[in-house]
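Chain by chain, the residues run as shown.
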Amino acid sequence: MDKQLLMKTAALAGEIMLSSGAETYRVENTMYLMLHTAENIELAEVFVIMTGITATLKIQNEDTISVVKRVNNRSTNMNRILEVNSISRAYCGKEISLDEAYSKLTKIKRRVYSNLENRLAVIGICTGFAIFFGGDIGDVLATSAVGVFLTLCITIGEKLHFQPFLQNVFNSFGIAFFSIFLRAFFANINLDIVIISSIMPLVPGVAITNAVRDSLQGDYISGCARILEAFLIAAAIAIGIGLGILSIGNIVI
Amino acid sequence: MEITLSMIIKISGAFLSILAFSIYLETPGKHILKAGLVGAIGGFVYLTALQFQKGDVLASFLSALTVALISHIFARIYKTPVTLFLVAGILPTVPGAGMYRMVYFLLLEDETKAGYYMIQTLEIAGAIALAIFLIDSIFRAAQKGNWKDLFLKHKLERKSKKVSLK
């Protein structure tokens, strides 16, 4: 068995999972199990935090192999987590060889849905929550319109390569601005429902969930980091909404 | 408890939004309907709890508890990571409303109400965290604990005692 390739495969699997928003312990566990398929292991350890991976493998009478990987971009992508999960299970269950596992890992698709489907989903989230929060037909239609405006903001932000924090501020600013703008023309819109439903695609639900699950496993560093992430997202949304209301609110409300 | 038409409409709204959210998170097509179902059940529990005059915090806790339980069961049945259903299903209870109202009242310079909503937001976030924590640790104990060993040992001990008594 090629030890270098084994390490490369495990590191790649870990990197994909971590950058797709998997919990830290899941990444550690997957890499650990993969490394332990080697024979005559003297030492095989994996240490993962939210922003990077360290792993080392020592086979008896051979040199130590170590890997450090920094993971910069994190987003949530369930498909990639699922794919890595099934590939690593198949490899550890000896259903596929190491070469196959590596080539499969490099071929995992980045996106399942097209850009258009992704944008439609954003509009769907806003609209669905407007219904859930008890809006009447006018509120729901207004929220859909704000959702369309939100997708526009997201697209602009992607084109201009905004940092995540600035992107959240910009998005929620757009939501507040456009909601109040609509309110100026249609006086019987319930502004509360429209704004609250429209910020739902941005709220840090993923960060809160992962923070709890990481802390439960004893990964307190990653847990704290994710709680901080959740707070930063919340602060960004608050700043954006505040700016939006300040910019146009005095004219309308 | 009565299930009114408006409640059914609201729950279908939760279903739609969670389905859309799981598409947004790039969940593969075969799982999005299940994720939507988890979200709808979470929404149902939340609305029912509110109907019984429970507060926002307790309603969020109960909803998150149900969602976490169902997510774990679905993850065992369909052999997927728990996060897949949990992240999507938890969304209706995430305190977006509290966050917005806090900023709104801060800008109106109504410190009392702003403080109230800030504390409510933190409480709801804490309640969600506790609910996930609770269900996760129960399932971990059920999975990793040596229930069989404990049970068998107990049996063996009893058997050996019987033998010695004879």
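Note that the structure is a prediction, hence the values are computed from the model and not measured.

Caption draft 1: Quick look at the overall build of chain A. Scanning chain A from terminus to terminus reveals 10 helices and three strands. Reading chain A from its N terminus to its C terminus gives the helix and strand order α-α-β-β-β-α-α-α-α-α-α-α-α. Its C-alpha atoms give chain A a radius of gyration of 23 Å, more than 25% over the compact-globule value 18 Å for 253 residues. Seen through its principal axes, chain A has C-alpha atoms that stretch 80 × 30 × 30 Å. When contacts within chain A are restricted to residue pairs at least 6 apart in sequence, long-range pairs at least 24 apart make up 65% of them.

Caption draft 2: Just the overall build of chain B, in detail. From N to C terminus, chain B includes seven helices and zero strands. Starting at the N terminus, the α and β elements of chain B follow one another as α-α-α-α-α-α-α. At a minimum sequence separation of 6, the contacts of chain B that also span at least 24 residues come to 63%.

Caption draft 3: Region of interest: the packing of helix H1 (residues 3-19) of chain A against helix H4 (residues 98-106) of chain A. Residues and elements named next belong to chain A. Close contact between H1 and H4 brings their axes to 10 Å; oriented N to C, the two are set at 30 degrees. Once H1 is placed against H4, the crossing between them reads as left-handed. Listed contacts from H4 to Leu-5, Leu-6, Lys-8, Thr-9, Leu-12, Ala-13 and Ile-16 of H1 are Leu-98, Ala-101, Tyr-102 and Leu-105. Tallied by class, residues from the contact of H1 with H4 come to nine nonpolar, one polar and one charged.

Caption draft 4: Spotlight on H1(A). Residues and elements named next belong to chain A. Across its 17 residues, H1 extends 24 Å between first and last C-alpha, which sits within 8% of the 24 Å expected from 1.5 Å per residue. Among the residues of H1, Leu-6, Met-7, Thr-9, Ala-10, Ala-11, Ala-13, Gly-14, Glu-15, Ile-16, Met-17 and Leu-18 are the ones counted as buried. Contacts from the buried residues of H1 go to helix H2 (24-35), strand S1 (41-49), strand S2 (52-59), strand S3 (64-70), helix H3 (78-92) and H4. Downstream of H1 by one or two residues, Gly-21 has phi in the positive range, about 90 degrees.

Caption draft 5: Expanded view of the interface of chain A and chain B. Facing 44 residues of chain A, the contacting portion of chain B comprises 41 residues. For the side of chain A that touches chain B, the secondary-structure elements that each account for two or more residues are H3, helix H5 (115-132), helix H8 (191-199), helix H9 (205-216) and helix H10 (220-252) of chain A. Counting residues per element, the side of chain A that touches chain B draws most heavily on H5(A), which supplies 11 residues. Class assignment of the residues belonging to the side of chain A that touches chain B gives a composition of 27 nonpolar, 12 polar and five charged.

Caption draft 6: Main features of the confidence of the model for chain B. All names here are of chain B. Of the residues in chain B, 87% have a pLDDT of 70 or more, and the chain-wide mean is 86. The least confident element of chain B is helix H7 (residues 147-165), whose mean pLDDT is 64; the most confident is helix H3 (residues 56-78), at 92. This prediction of the complex comes with two scores: 0.86 for pTM and 0.88 for ipTM.

Caption draft 7: Up close: the domain arrangement of chain A. Residues and elements named next belong to chain A. Entries for chain A in the domain assignment read domain 1 (3-106) and domain 2 (115-252). Contacts between the two partners involve seven residues from domain 1 and, on the opposite side, 10 residues from domain 2. Classifying every residue of the side of domain 1 that touches domain 2 gives three nonpolar, three polar and one charged.

Caption draft 8: Looking closely at unusual backbone geometry. A positive phi angle, near 60 degrees, is found at Lys94(A), a position not held by glycine. By the secondary structure assignment, Lys94(A) is in the loop between H3 and H4. Here Gln53(B), not a glycine, exhibits a phi torsion of approximately 65 degrees, which is positive. For Gln53(B), the location among the structural elements is in the loop between helix H2 (29-51) and H3.

Caption draft 9: Structural detail: the packing of H2(A) against H3(A). All names here are of chain A. Contact geometry for H2 and H3: axes closest at 10 Å, N-to-C directions at 25 degrees. Here H3 runs roughly parallel to H2, going by the angle between their axes. With respect to the hand of their crossing, H2 and H3 are arranged in left-handed fashion. Mapping the contact onto sequence places Thr-30, Leu-33 and Met-34 in H2 and Val-84, Ser-88, Tyr-91 and Cys-92 in H3.

Caption draft 10: Here's a closer look at the sheet that holds S3(A). Residues and elements named next belong to chain A. The sheet built from three strands is open, its strands ordered S1-S2-S3 with antiparallel pairing. Two strands bound the open sheet, and with one partner strand each, they are S1 and S3. Direction aside, the axes of adjacent strands within the sheet are offset by 5 degrees on average. With seven bridges connecting them, S2 and S3 associate as antiparallel partners. Considered in S3, the bridge of Ile-53 is made with Lys-69. Packing of H1 onto the sheet brings it into contact with S1, S2 and S3, and relative to S2 it is tilted by some 160 degrees. The sheet contacts of H2 involve S1 and S2, and relative to S1 the element is tilted by about 160 degrees.

Reading the values: rules and limits
Residues numbered from 1 in each chain as written. Chains lettered and ligands numbered in written order. Predicted model: local features only at pLDDT ≥ 70, side-chain atom pairs only at ≥ 80, totals over all residues. Helix = DSSP H or I, 4+ residues; strand = E, 2+ residues; numbered from the N terminus. Rg over C-alpha atoms; globule rule 2.2 N^0.38 Å. Contact = placed C-beta atoms within 7 Å. Axes fitted to C-alpha atoms, helices over the stretch in contact; angles between N-to-C directions. Left-handed = near helix turned anticlockwise from the far one by under 90°. Nonpolar A, V, L, I, M, F, W, Y, C, P; charged D, E, K, R; others polar. Expected span 1.5 Å × (residues − 1). Buried ≥ 20, exposed ≤ 12 C-beta atoms within 10 Å, placed from the backbone. pLDDT = per-residue confidence, 0-100. Domains from an automatic or database assignment. Parallel < 35°, antiparallel > 145°, perpendicular 65-115°, else oblique. Pairing = 2+ DSSP bridges.

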